[in-house]
Amino acid sequence: VGEYLALADPEERKKVYAKLKRERSIAMPQEYFDRMIRAAAQPKGLTKDRPLTLGSTQSPGEYTIYVPKAYDPRRPWPLIIGLHGGGPGGKDGKEVVGDGPSAMNFYVRQAEARGYLVVCPTALEAPWAASPNFPFLRSLIDEVKLLYNVDVNRIYMTGHSMGGFGTWYFAPKFAEELAAASPMAGGGGPSPVFEATNTPVFIFHGADDGVVPPVSDRSAAKSMKDAKLDWHYTELTGVLHGFPHSILLELFDFFDTRRLAVGRGRKVPTLAVRSSFLAKVSRDEKRFLGDPLEYGAAGAGGKSEWKKLLKDLKLGGGSAEAAATRLGELAEKDSVKPIGDLIRNRSTPDDVKAQAARALGIIGHADGYAGLAAGLKTESHDVVTASAVAMAAIGAPKAGEALKGALGHVVKILEGKKFGDRIHISDWKAWLPALTAVVKSVGEAKVEGGAAAIHKTAVRGIYGGTWAVAYSAGVPMQPWAPRLTLAEAICEAILALDQAGDRDGGRAALIEMKNAKPDPRDTKHASVVAAAEAALAKLPD
């Protein structure tokens, strides 16, 4: 198998597989081995915010995945699906508080030590029971099973807080595939499905939890006891709404000894190991992930390839990310307008627009201006960010005016997100990085009049007024880090513009930023002042 995995050419692999089947009576289909080759190319360790590829046209989303350093695609590995906590956020409630990377912090060390794949998706909407999240999770599980060699008899689901509610909600829907479920500090209750599928359940709740009281989980434990299910319930005092390390160890101990129940009545856990790579190749796998039998085939190049890549770009998700990179490498001038048309088309999904903008930036042709200018005017922070970075890269003659317009556009959006003198942390952390990207691009592109524009928009808008950020002090949300990052970008941009001869407004901007009055809770304000003072010292008299 090791020798087969070293074969890069699909045609050569087909010949070798035919020989192995003829001479060694191999029963597994060729895609079983070719999926191993694709799996070996996947990154190990922690990958944050990876875009979903499979089914991305229906459920665009992101997930964080941890792959142990010892991962070997030649054998199946157990998989944990971890649902994050949090809730709805933003002025309109459409943003999500909590994400996959934050949930992954719970599991990484034990996953590495015990040999588990862990995937933590970021909810499309909060709570997890919101309708878009089910097809997203369905596609996510299917994708991970195709990209990594998963033991389908050892797939587990868990989650804390909102993720605990989510586990109670989703575990019955996926019970036929789960070796065990573990709702933590949430609420819901056991489903009759658990008894029919003999799905083990591990529950934990803080006895003094003031955020989500343990009443619901206590009732669930009693119901499972009466039903004589395979269950475990732990309640600790003094941990409030936390997730103690001792419970994490117990959780992994519980998962270590549970397998998918199979057979008539589903009363018998199987001891067999069953690879996800034995699944038949589906139309969706070919469409979104590519035919495993063709993995590694060289691109055709020229017009035929970029037109195919344009179709992949329209799929969104991971397909769009890969297509954008390859389109940038090909740098076909004829592809610039069709890519820009995707950004200008109002019906194009935002994730596709963002990747299209990135492709135009890599290509670097000035004809990409029209598409990127449209991207700078959108209501998506991801599209604005990607368009700003790309606009600075292409160096179009009109880029400066578009970037200066984007400064005011983003500040106006931030102002519109306020309720009274407050802004929700979800809106704050989503849009300040977009403003930072535009500021950086103004500096990198040496935009004429850029210093004055930064002063009138970014500085007066963010440092000249009062911004009370609404967030929970009990959760490590770090609301002030984006404000400091923006300040550092403003300083760098003003110094770059000053060196280019644009000195109108730069000094005044830095002085106003240095003298700004912060929110009393702002732990980063001293660093903002220091950055402004350091930049002022570098400006010529």
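Everything here concerns the structure above.
Attention in this report is confined to the structure presented alongside it. Residue positions are given per chain, counted from 1 along the sequence in the order it is written. Only residues with pLDDT of at least 70 are given local features in this predicted model, and only at 80 or more are side-chain atom pairs given and counted; all residues enter the totals for whole chains, interfaces and linings. Side-chain metrics rest on all non-hydrogen atoms present in the structure, leaving aside hydrogens and water.

1. A short note on the overall build of the protein chain
Next up, step 1: In DSSP terms, a helix is any run of H or I states spanning at least four residues, a strand is any run of E spanning at least two, and both are numbered starting from the N terminus. Counting its regular elements, the protein chain contains 23 helices and 14 strands.
Next up, step 2: Only C-alpha atoms enter the radius of gyration, while the globule expectation follows 2.2 Å times N to the 0.38, with N the number of residues. What you see for the protein chain is a C-alpha radius of gyration of 26 Å, in line with the 24 Å of a compact globule of 541 residues.
Next up, step 3: Taken over the C-alpha atoms alone, the protein chain extends approximately 80 × 65 × 35 Å along its principal axes.
Next up, step 4: Relative accessibility decides the category of a residue: with a 1.4 Å probe and only protein chains considered, values under 20% of the type maximum give buried, values over 50% give exposed, and everything between is partly exposed. Put simply, the protein chain has 541 residues, and 54% of those count as buried.
Next up, step 5: Note on contacts: a residue pair is in contact if any heavy atoms of the two residues lie within 4.5 Å. For the protein chain, restricting intrachain contacts to residue pairs at least 6 apart in sequence, the fraction spanning at least 24 positions comes to 71%.
Next up, step 6: In these tables, accessible area is a Shrake-Rupley quantity obtained with a 1.4 Å probe, and a residue counts as shielded only by the protein chains included in the view. Total accessible area on the protein chain stands at roughly 23700 Å², and carbon and sulfur atoms take up 53% of it.

2. Description of helix α10 (residues 245–256)
Next up, step 1: The first and last C-alpha atoms of α10 sit 17 Å apart over twelve residues, in line with the 16 Å expected at 1.5 Å per residue.
Next up, step 2: Burial in α10 covers these residues: I247, L248, L251, F252, F254 and F255. Down the axis of α10, the sector holding all buried residues measures 155°, keeping them to one side.
Next up, step 3: Summarising the contacts, the buried residues of α10 are in contact with β3 (77–83), α5 (108–114), β7 (150–160), β8 (180–184), β9 (201–206) and β10 (231–236). What a helix should span is 1.5 Å times the count of its residues minus one. Working definition: the arc comes from the directions between the helix axis and the C-beta atoms, pointing outward to the latter.

3. A few points about a negative patch on the surface
Next up, step 1: On the surface, a cluster of negative charge is contributed by D49, E62, E321, D350 and D382.
Next up, step 2: Residue position: D49 is located in strand β1 (residues 45–51).
Next up, step 3: Taking relative accessible area as the criterion, D49 reaches 36% and is therefore assigned partly exposed. To count toward a patch, a residue needs a relative accessible area above 30% and no salt bridge. Like charges then connect within 9 Å, nonpolar side chains (Val, Leu, Ile, Met, Phe, Trp, Tyr) within 5 Å. A pair is scored as a salt bridge if a Lys or Arg side-chain nitrogen falls within 4 Å of a carboxyl oxygen belonging to Asp or Glu. A positive count includes Lys and Arg, and a negative count includes Asp and Glu. His and the chain ends are not counted in either. A single reference atom marks each charge: NZ on Lys, CZ on Arg, CG on Asp, CD on Glu.

4. So, the packing of aromatic side chains
Next up, step 1: Pairing of aromatic rings covers Phe, Tyr and Trp, the last through its six-membered ring, and needs centres within 6.5 Å; plane angles under 30 degrees mean stacked, over 60 mean edge-to-face, and all others mean tilted. In total, this model carries 19 aromatic pairs according to the counting rule given.
Next up, step 2: Measuring from centroid to centroid gives 6.2 Å for Y17 and F33, while their planes differ by 50°, and the two rings are tilted. Placement of Y17 in helix α2 (residues 10–24) and of F33 in helix α3 (residues 30–40) is noted, with a sequence separation of 16 residues between them.
Next up, step 3: Y17 gets classed as buried once you look at its relative accessible area, which sits at 9%.
Next up, step 4: With relative accessibility at 5%, the residue F33 sits in the buried group.
Next up, step 5: Relative to F170, the ring of Y169 lies with its centre 5.0 Å away and its plane at 80°, an arrangement referred to as edge-to-face.
Next up, step 6: On the accessibility criterion, Y169 (34% relative accessible area) is partly exposed.
Next up, step 7: An aromatic cluster is present here, built from W128, F134, Y169, F170 and F174 joined pairwise through their rings.
Next up, step 8: Sitting over the ring of F254, R258 keeps its end group 3.8 Å from the ring centre.
Next up, step 9: A ring is considered to have a charge above it if a Lys NZ or an Arg CZ atom is located within 6 Å of its centre and within 35 degrees of its normal. Between the NZ or CZ atom of K418 and the centre of the ring of W467, over which it lies, the distance is 4.1 Å.

5. Structural notes on the pairing of β3
Next up, step 1: The buried fraction of β3 amounts to seven of the seven residues, a majority that puts the element mostly inside the structure.
Next up, step 2: Relative to β7, β3 runs parallel, the two sharing six bridges. The residue bridging W77 from the neighbouring strand is V150, located in β7.
Next up, step 3: Strands were regarded as paired on the criterion that DSSP finds at least two bridges between them. With three bridges connecting them, β3 and strand β6 (residues 117–121) associate as parallel partners. Looking across to β6, one finds that L79 is bridged to L117.

6. Quick notes on the environment of I65
Next up, step 1: Following the sequence through the fold, I65 ends up in strand β2 (residues 62–67).
Next up, step 2: The exposure class of I65 is buried, given its relative accessible area of 1%.
Next up, step 3: Separated by 69 residues in the primary sequence, I65 and F134 have C-alpha atoms spaced 19 Å apart.
Next up, step 4: Those residues in contact with I65 that lie beyond four places of it in its chain are G45, L46, T47, M104, V118, V119 and Y148.

7. Notes on the side chain of K418
Next up, step 1: Of note, K418 is situated in the loop between α18 (399–416) and β13 (422–424).
Next up, step 2: K418 has contacts with K91, I423, T466 and W467, leaving out every residue within four places of it along the chain.

8. Re the nonpolar core
Next up, step 1: Core analysis: the largest hydrophobic core is formed by 82 residues, its most contacted members being L313, I454, I490 and M513.
Next up, step 2: Ignoring anything within four residues of it in the chain, the contact list for L313 reads A320, A323, A324, L327, I339, L342, V352, Q355 and A356.
Next up, step 3: What is meant by a nonpolar core is a set of buried Ala, Val, Leu, Ile, Met, Phe, Trp, Tyr and Cys residues, joined one to another through side-chain atoms within 4.5 Å. In terms of nonpolar packing, the next biggest core, distinct from the first, is built from 53 residues, Y63, A123, Y148 and V150 among them.

9. Some thoughts on the packing of α18 against helix α19 (residues 425–444)
Next up, step 1: The angle between two axes is taken between their N-to-C directions and runs from 0 to 180 degrees, where each axis is a line fitted to C-alpha atoms and a helix contributes only its stretch in contact. With their axes 9 Å apart at the nearest point, α18 and α19 run at an angle of 165° to one another. By the angle class used here, α18 and α19 are roughly antiparallel. For the element pair α18 and α19, the recorded crossing hand is left-handed. For the pair formed by α18 and α19, the contact residues are L403, A406, L407, V410, V411, I413 and L414 on the first element and D427, W431, L432, L435, V438, V439, S441 and V442 on the second. By definition in this entry, angles of less than 35 degrees are roughly parallel, angles greater than 145 are roughly antiparallel, angles of 65 to 115 are roughly perpendicular, and the rest are oblique. Whether a crossing is left-handed or right-handed is set by the direction in which the near helix is turned from the far one by less than a right angle, anticlockwise for left-handed and clockwise for right-handed.

10. Digging into α2
Next up, step 1: Under the 1.5 Å per step criterion, the end-to-end length of α2 is 20 Å for 15 residues, consistent within 8% with the ideal 21 Å.
Next up, step 2: Listed as buried for α2 are P10, R13 and Y17. Seen from one end, α2 has its buried residues packed into an arc of 45°, which puts them on one side. Among the exposed residues of α2, those pointing more than 90 degrees away from its buried face are K15, R22 and E23.
Next up, step 3: Tucked into the core, α2 has its buried residues touching α1 (2–5) and α3.

11. Some details on the pattern of salt bridges
Next up, step 1: This structure, assessed with the given rule, holds 26 salt bridges.
Next up, step 2: In this structure, the salt-bridge partner of R218 is E235, at a minimum N-O distance of 2.9 Å. Residue R218 is found in helix α9 (residues 215–226), and its partner E235 is found in strand β10; the two are separated by 17 residues along the sequence.
Next up, step 3: Classification of E235 as partly exposed rests on a relative accessible area of 28%.
Next up, step 4: Here K404 ties to E401 by a salt bridge, and the two come within 3.2 Å at their closest N and O atoms. Placement of the pair is K404 and E401 together in helix α18, with a separation of three residues, close to one helical turn.
Next up, step 5: Among the residues examined, E401 registers a relative accessible area of 57% and is labelled exposed.
Next up, step 6: Because the salt bridges share partners, they merge into one network encompassing R138, D142, K145 and E177.

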